[in-house]
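# Structure assessment
So you can see what is in the structure, the chains are spelled out below.
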Amino acid sequence: MTTIFTAWQGVQSRIGIAATACARQPDAITLLAVSKTFPASAVRELYEFGQRHFGENYVQELQEKAAALSDCPDLVWHFIGPLQSNKTRIVAETADWVHSVDRLKIAERLSQQRPEHLAPLQVCLQVNVSGEQSKSGVRPAEAPALARAISRLPNLQLRGMMCIPDPDAGQEALSQQFALLRQLQEQLRATDALPLDTLSMGMSGDLELAIREGSTMVRIGTAIFGARTAKG
Ligand SMILES: *Cc1c(COP(=O)(O)O)cnc(C)c1O
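Residues numbered from 1 in each chain as written. Predicted model: local features only at pLDDT ≥ 70, side-chain atom pairs only at ≥ 80, totals over all residues. Heavy atoms only, no water.

## Here's the deal with the UniProt feature "domain: Alanine racemase N-terminal" (unreviewed entry) in the protein chain
UniProt records the feature "domain: Alanine racemase N-terminal" (unreviewed entry) at residues 32–228, using the numbering of this structure. Regarding residues 32–228, the helix share stands at 40% and the strand share at 18%, and the terminal C-alpha atoms are separated by 17 Å. (UniProt positions renumbered as here; feature names shortened; annotations may be inferred. Helix = DSSP H or I, 4+ residues; strand = E, 2+ residues; numbered from the N terminus.)

See the structure below:
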């Protein structure tokens with residue numbers, strides 16, 4: 001038993017309890033382990049326990065860890081950080097998922113650069129649900145048009161939406177921001193019949209609230225790996 005193992009189990013039990021409390025199935029919620037700033041050896045340790053989905057924020061870290069763990073065939077890499085257009089190629093060639101698409105130009109490049117022999121890149125639209133000026137993410141009012149445009153790109157599969165709410169918001173404001181993302185997604189499913197099945201929301205501090213508001217994927221760093229000392 002290691003610390004990481006115990007922490008990972010603790011997060012799984014939080015997910016189970018939160019799901020049960022709102023009459024959802026625990027296995028309807030995927031645990032994405034956010035390994036940014038932690039070494040490939042920590043990812044491998046968790047992989048050996050059975051964790052499969054890992055999230056990275058920095059392109060170079062993703063590239064290095066994916067190379068170090070290329071012998072783990074069913075490890076699924078999620079890119080969740082800000083993405084500039086000069087870095088899209090590495091992500092298109094390395095990641096299985098990208099959660100942080102918020103501009104058509106980035107989506108077009110990812111689609112063009114996705115290698116033919118790989119499955120379509122699974123994509124979530126990042127939406128700025130808190131309205132903070134400094135935040136990445138498309139504005140909610142612009143999300144439907146962007147989602148429609150992305151859904152027509154050949155080498156991407158639009159799976160849903162992602163948000164990073166205002167961390168200083170109180171519980172109620174946080175719930176409202178999560179609910180806004182779910183409502184946007186439900187609307188698009190209804191009006192455009194887009195097959196969206198993923199709501200990427202909830203982090204170490206608020207996963208219970210996110211699950212109550214319909215999250216299908218929680219992105220957990222600190223509660224598994226511990227506090228980050230470096231950037232991130
Ligand atoms: C770092 C990060 C997380 C994980 O946050 P914790 O609070 O450590 O669980 C989740 N999502 C994104 C986009 C992140 O950058």
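Picking up where we left off.
## Considering unusual backbone geometry
One non-glycine residue, Ala 23, lies in positive phi territory at about 60 degrees. Within the secondary structure, Ala 23 is located in the loop between helix H1 (3–21) and strand S1 (30–34). With phi around 75 degrees, Thr 37 is a residue other than glycine that occupies positive phi space. Within the secondary structure, Thr 37 sits in the loop between S1 and helix H2 (40–49).

## What to know about the UniProt feature "modified residue: N6-(pyridoxal phosphate)lysine" (unreviewed entry) in the protein chain
Here, UniProt's "modified residue: N6-(pyridoxal phosphate)lysine" (unreviewed entry) annotation points to Lys 36. Among the secondary structure elements, Lys 36 is positioned in the loop between S1 and H2. Residue classification places Lys 36 among the buried positions, given a relative accessible area of 11%. (Buried < 20%, exposed > 50% of the residue type's maximum accessible area, 1.4 Å probe, protein only.)

## Some thoughts on the site of the ligand
Taken together, Val 34, Lys 36, Asn 57, Ile 80, Ile 164, Met 203, Ser 204, Arg 219, Ile 220, Gly 221, Thr 222 and Arg 228 make up the full set of residues near the ligand. At 2.7 Å, a side-chain N or O of Lys 36 approaches an oxygen atom of the ligand. Within the side chain of Thr 222, a nitrogen or oxygen atom sits 2.5 Å from an oxygen atom of the ligand. Protein burial of the ligand: of its 390 Å² of free accessible surface, 89% is covered by the chains. With respect to the detected pockets, the ligand is housed in the largest pocket. (Near = heavy atom within 4 Å. Polar contact = N/O pair within 3.5 Å; in protein donor to acceptor, adjacent residues only side chain to side chain. Areas by Shrake-Rupley, 256 points an atom, 1.4 Å probe, with all protein chains shown as cover. 1 Å grid on protein atoms, 1.4 Å probe; cavity = no way out; pocket = protein on both sides within 12 Å on 5 of 7 lines; lining within 4 Å. Sits in = over half its atoms within 2 Å of the grid points.)

## Here's the deal with the environment of Arg 24
Inspection of the secondary structure puts Arg 24 in the loop between H1 and S1. Linking Arg 24 and Gly 214, residues 190 residues apart in sequence, is a C-alpha distance of 8.9 Å. There is a polar contact of 2.9 Å between the side chain of Arg 24 and the backbone oxygen of Ile 211.

## Side note on the packing of H1 against H2
The contact between H1 and H2 brings their axes to 10 Å, and the two run at 60 degrees. Between H1 and H2, the angle falls in the class oblique. Handedness of the H1/H2 crossing: right-handed. Residue-level inspection shows Ile 4, Phe 5 and Trp 8 of H1 in contact with H2, the latter providing Ala 42, Glu 45, Leu 46 and Phe 49. For the contact of H1 with H2, the class distribution of residues is six nonpolar, no polar and one charged. (Axes fitted to C-alpha atoms, helices over the stretch in contact; angles between N-to-C directions. Parallel < 35°, antiparallel > 145°, perpendicular 65-115°, else oblique. Left-handed = near helix turned anticlockwise from the far one by under 90°. Contact = heavy atoms within 4.5 Å. Nonpolar A, V, L, I, M, F, W, Y, C, P; charged D, E, K, R; others polar.)

## Topic: the pairing of strand S2 (residues 53–56)
The pairing of S1 with S2 spans two bridges and is classified as parallel. Counterpart to Ala 33 in the pairing with S2 is Phe 54. Crossover S1 to S2 through H2 is right-handed. Across four bridges, S2 lies against strand S3 (residues 76–79) in parallel orientation. By the bridge assignment, Gly 55 is partnered in S3 with His 78. Taken together, S2, helix H3 (residues 59–68) and S3 form a β-α-β motif whose crossover is right-handed. (Pairing = 2+ DSSP bridges. Right-handed = clockwise from strand over helix to strand, strands pointing away.)

## Focus: the packing of aromatic side chains
As enumerated under the stated definition, the model contains five aromatic pairs in all. Centroid distance Phe 38 to Phe 225: 5.2 Å. Interplanar angle 20 degrees. Geometry classified as stacked. Of this pair, Phe 38 sits in the loop between S1 and H2 while Phe 225 sits in helix H9 (residues 222–225), placing them 187 residues apart in sequence. By relative accessible area, which is 16% here, Phe 38 ends up buried. Accessibility expressed as a relative area gives 9% for Phe 225, which makes it buried. With a centroid separation of 6.2 Å and an interplanar angle of 50 degrees, the aromatic rings of Phe 54 and Trp 77 are classed as tilted. Of this pair, Phe 54 sits in strand S2 while Trp 77 is found in strand S3, placing the two residues 23 residues apart along the sequence. Of the two residues, Phe 54 and Trp 77, neither departs from the other in class, the shared state being buried. Through pairs of rings, three or more aromatic residues link up here, namely Phe 5, Trp 8 and Phe 49. The side chain of Arg 52 reaches across the aromatic face of Tyr 47, ending 3.8 Å from its centre. (Phe/Tyr/Trp six-rings, centres within 6.5 Å; stacked < 30°, edge-to-face > 60°. Lys NZ or Arg CZ within 6 Å of the ring centre and 35° of its normal.)

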